[in-house]
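# Tertiary structure, described
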Amino acid sequence: MKKINYLMMAAAMTIGLVSCSKEDNAGSPVEDNTKVEGNLIIKEFNVGGGFKTTEGKTYSWCKGLVLYNNSSETITAKNLAIGTVPPGNAHANNGNYGEDGKLVYENADWLPMIYAIWYIPSITVAPFSDAVVAINGAIDHTTLAPEAFNLADASYYAMYDPESQYVNANAYPAPFEGIPTANYWKAAVFGLGNAWAISVMCPNFVLFQFPEGVDPKTYCEDKANVYYDGGKETAANYCVKIKKSWVIDGIESYRTTMVDESVKRLSADIDAGYALYNSNKQYSAYRNIDEKATVNYGDNVTKLVYNYADGVEGTTDPSGIDAAASAKNGAKIIYKDTNNSTADFHLRKGWSLK
C-alpha cells in the first residue's frame, strides 16, 4: 500500500513490467526485469477457525497471519507494528461516523487502534519471502485439533509477551522452543482484558512502523494520543491514535453473510474496499497475484503453475495462477497492492502453508 521509503535497505528501484498473460504473450524482453520495488504486505490471515478438537469441541486458538516481502530487496524494519481499528465487527454499531456520514478520521492524519498494538523491535524479511506470525499459540495446534495448523516452526514469529497483561494461557501458551526470543512480538497494552481481542468474523489489520526515535510503549502511554471509540470515555473504548503516514498496509474485511449490514472501519485512504471472510469455515483471506508483474519477472514464465482451484464462495484469484504451487516451483510471486482489498483479496479454502 503506502510506500515507506525508510523500510527499504536499497535505493529506489524501477519495476520492469510489460503486458502479459501466459507464456505465449508474456511480453518482449526488458533490460532488467528482476528489480521490483515494494513493501512488507499482509499476504494472508486465518483467524476464524472452524476447527474441532479430538473430542469434537470448538477450537478457536489457532490464529495466524502471513506478512510478505513484495519486493526484490531484503527489507529490515525497526518497531514494525500491527493493530486493529474499532469496532470489532464491521456489522456492529459504529459510533465513529459523524453527521456528514463519514468516519471522523476519514480526512484526518490518524487512525484509532483499540486494546493494544503488537510490535517487534527488528525484523528482516528476504525478497519474495514470508514472515509467519502466530497471533495465538506458536505451537503445533494439530495435537489439539487435527485439522488446525502446525505453527511450531523455528522460522516463525509469535505474539507473546508474558511481561504484559496478556497472560491468558489458552491464547498464549509458551511458544515452540525452537523459535528464538528475537522472534517474539511485544504488546503495548492500553485496553482491558488478558488477551488481544480481534474479530473472528471480520477482522481488520493495520501494519505500520513507528519512526526512528519513537518508542512504541512510551507513545501508547502518552495521553496526547488518546481517542475514545464512539466518543464514549470509558476504559472499554480507550484507543490510541497512530499516524496514517506510518501505515504500510491495511486490510478491511466483512463477514460473507453480513456484507449489506457492514460499514467501513478503515478510511478509504488506507483501504478503499473490503475483503470477504467466513468464520464458520477453515478459510483464509488470501492476496491476489499481480499477474503482469509476476509473469514478466525473471524466468517466472517457465515456473508458474496455473489452473488455481482453491478459491471458495465465488471468489478466486483472477490471474488463475496458483501462488503457493508456483512458489514451490521456484517462481517469485508479486502480489497486488492496490489499496483496495476488494480487488486484492479472495477467500481461500485453507491455510496456504499447511
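Located above this text is the structure these notes cover.
To keep things clear, this report deals only with the structure shown in the data block. (Residues numbered from 1 in each chain as written. Predicted model: local features only at pLDDT ≥ 70, side-chain atom pairs only at ≥ 80, totals over all residues. Heavy atoms only, no water.)

## Points about the overall build of the protein chain
Put simply, the rule reads: Numbering goes from the N terminus for both helices and strands, where a helix is a DSSP run of H or I of at least four residues and a strand is a run of E of at least two. Only protein chains enter the area calculation, which uses a 1.4 Å probe; residues under 20% of their type maximum are buried, those over 50% are exposed, and those in between are partly exposed. In what follows, a contact means two residues having at least one pair of non-hydrogen atoms within 4.5 Å. Surface exposure here means Shrake-Rupley accessible area, sampled with a 1.4 Å probe, where a residue is shielded only by the protein chains that are shown. We treat Lys and Arg as the positive residues and Asp and Glu as the negative residues; His and chain ends play no part in the count. All charge positions are set by atom: Lys at NZ, Arg at CZ, Asp at CG, Glu at CD.
Along the protein chain, the regular secondary structure elements total four helices and 18 strands. If you line up the protein chain on its principal axes, its C-alpha atoms span 60 × 50 × 40 Å. By the burial criterion, 55% of the 354 residues in the protein chain qualify as buried. Considering only intrachain contacts with a sequence separation of at least 6, the fraction spanning at least 24 residues in the protein chain is 79%. Summing over all exposed atoms, the protein chain offers an accessible surface of approximately 14700 Å²; the carbon and sulfur share of this is 49%. The averaged location of the 40 negative side-chain charges in the protein chain is 3 Å from the averaged location of its 30 positive side-chain charges.

## A word on the pairing of strand β6 (residues 110–114)
As a reminder, the rule being used: A pair of strands counts as paired when DSSP detects no fewer than two bridges linking them.
A large share of β6 lies buried, amounting to five of its five residues. Neither face of β6 is exposed, since W110, P112 and I114 on one face and L111 and M113 on the opposite face are all buried. When β6 meets strand β13 (residues 238–243), the two strands line up antiparallel, connected through five bridges. Within β13, the position partnered with M113 by the bridge is V240.

## Describing the side chain of K63
Condition: A 3.5 Å cut-off defines polar contacts: any pair of N or O atoms within that distance qualifies, except that in protein one atom must be a possible hydrogen donor and the other a possible acceptor, and neighbouring residues in sequence count only when both atoms are side-chain atoms.
Mapped onto the elements, K63 comes out in strand β4 (residues 63–69). A distance of 3.3 Å separates the side chain of K63 from the side chain of N136, its partner in a polar contact. Here K63 is in contact with N46, V47, V133, A134, I135, N136, L151, I198 and V200, once residues within four sequence places are set aside.

## Regarding the sheet that holds β13
Let me state the cut-off plainly: All axes are obtained by fitting lines to C-alpha atoms, using only the stretch in contact for helices, and the reported angles, taken between N-to-C directions, cover 0 to 180 degrees.
Pairing within the open sheet is antiparallel, and its three strands lie in the order β6-β13-β12. Each edge of the open sheet is held by one strand with a lone partner, namely β6 and β12 (226–228). The sheet shows a mean angle of 45° between the axes of neighbouring strands, taken without regard to direction.

## Notes on the pairing of strand β14 (residues 247–251)
For β14, the buried fraction is high: five of the five residues fall into the buried class. Two strands pair when backbone bridges link them, and strand β11 (residues 205–209) and β14 are joined in this way by four bridges, in the antiparallel orientation. Looking across to β14, one finds that V206 is bridged to G250.

## Some remarks on unusual backbone geometry
For the peptide bond that leads from P86 to P87, omega is -5°, which places it in the cis range. By secondary structure assignment, the location of P87 is in the loop between β5 (75–83) and β6. Notably, E313 is not glycine yet its phi reads approximately 55°, a positive angle. When you line up the elements, E313 lands in the loop between α2 (291–295) and α3 (323–328). Exposure remark for E313: the relative accessible area of 40% places this residue in the partly exposed category.

## What about the packing of aromatic side chains?
To keep it simple, the criterion reads: Between the rings of Phe, Tyr and Trp (Trp by its six-membered ring), a pair exists once the centres lie within 6.5 Å; its type follows the angle of the planes, with under 30 degrees stacked, over 60 edge-to-face, and the other angles tilted. The rule is short: NZ of Lys or CZ of Arg within 6 Å of the ring centre and within 35 degrees of the ring normal puts a charge over the ring.
Counting across every chain of the model gives 21 aromatic pairs. When the centroid spacing of 5.1 Å and the interplanar angle of 40° are considered together, the rings of F45 and Y277 count as tilted. With a gap of 232 residues between them, F45 in strand β1 (residues 40–46) and Y277 in strand β16 (residues 275–277) connect regions that are remote in the sequence. Both residues of the pair, F45 and Y277, count as buried. Taken together, the ring pairs connect F45, W196, F205 and Y277 into an aromatic cluster. A cation over an aromatic ring shows up here: K241 above the ring of W110, its NZ or CZ 4.6 Å from the ring centre. Over the aromatic face of Y286 sits the side chain of R348, whose NZ or CZ is 5.5 Å from the ring centroid.

## Observations concerning the nonpolar core
A general feature of soluble globular proteins is that nonpolar side chains tend to end up buried together. The condition is simple: Residues belong to a common nonpolar core when they are buried Ala, Val, Leu, Ile, Met, Phe, Trp, Tyr or Cys residues joined through side-chain atoms within 4.5 Å.
The biggest cluster of nonpolar side chains holds 56 residues, and the ones touching the most others in it are L67, L80, I123, W185, W196 and F205. L103, Y105, A188 and F190 belong to the second-largest nonpolar core, a separate cluster that totals 27 residues.

## Thoughts on the pattern of salt bridges
What counts is decided by this rule: The salt bridge criterion pairs a side-chain nitrogen of Lys or Arg with a carboxyl oxygen of Asp or Glu, the two atoms within 4 Å.
A complete count under the given rule lists 12 salt bridges for this structure. Here D337 ties to R287 by a salt bridge, and the two come within 3.9 Å at their closest N and O atoms. Of this pair, D337 sits in the loop between α3 and α4 (341–344) while R287 sits in strand β17 (residues 284–287), placing them 50 residues apart in sequence. Exposure class is identical for D337 and R287. Each is buried. A salt bridge links D344 to R287; the shortest N-O distance between them is 3.6 Å. On the criterion of sequence distance, the pair formed by D344 in helix α4 and R287 in strand β17 is long-range, its members being 57 residues apart. Comparing D344 with R287 shows no difference in burial state: the two are buried. Each of the salt bridges in this network shares a partner with another, and the network as a whole consists of D249, R287, D337 and D344.

Just distances and angles here, no functional claims.
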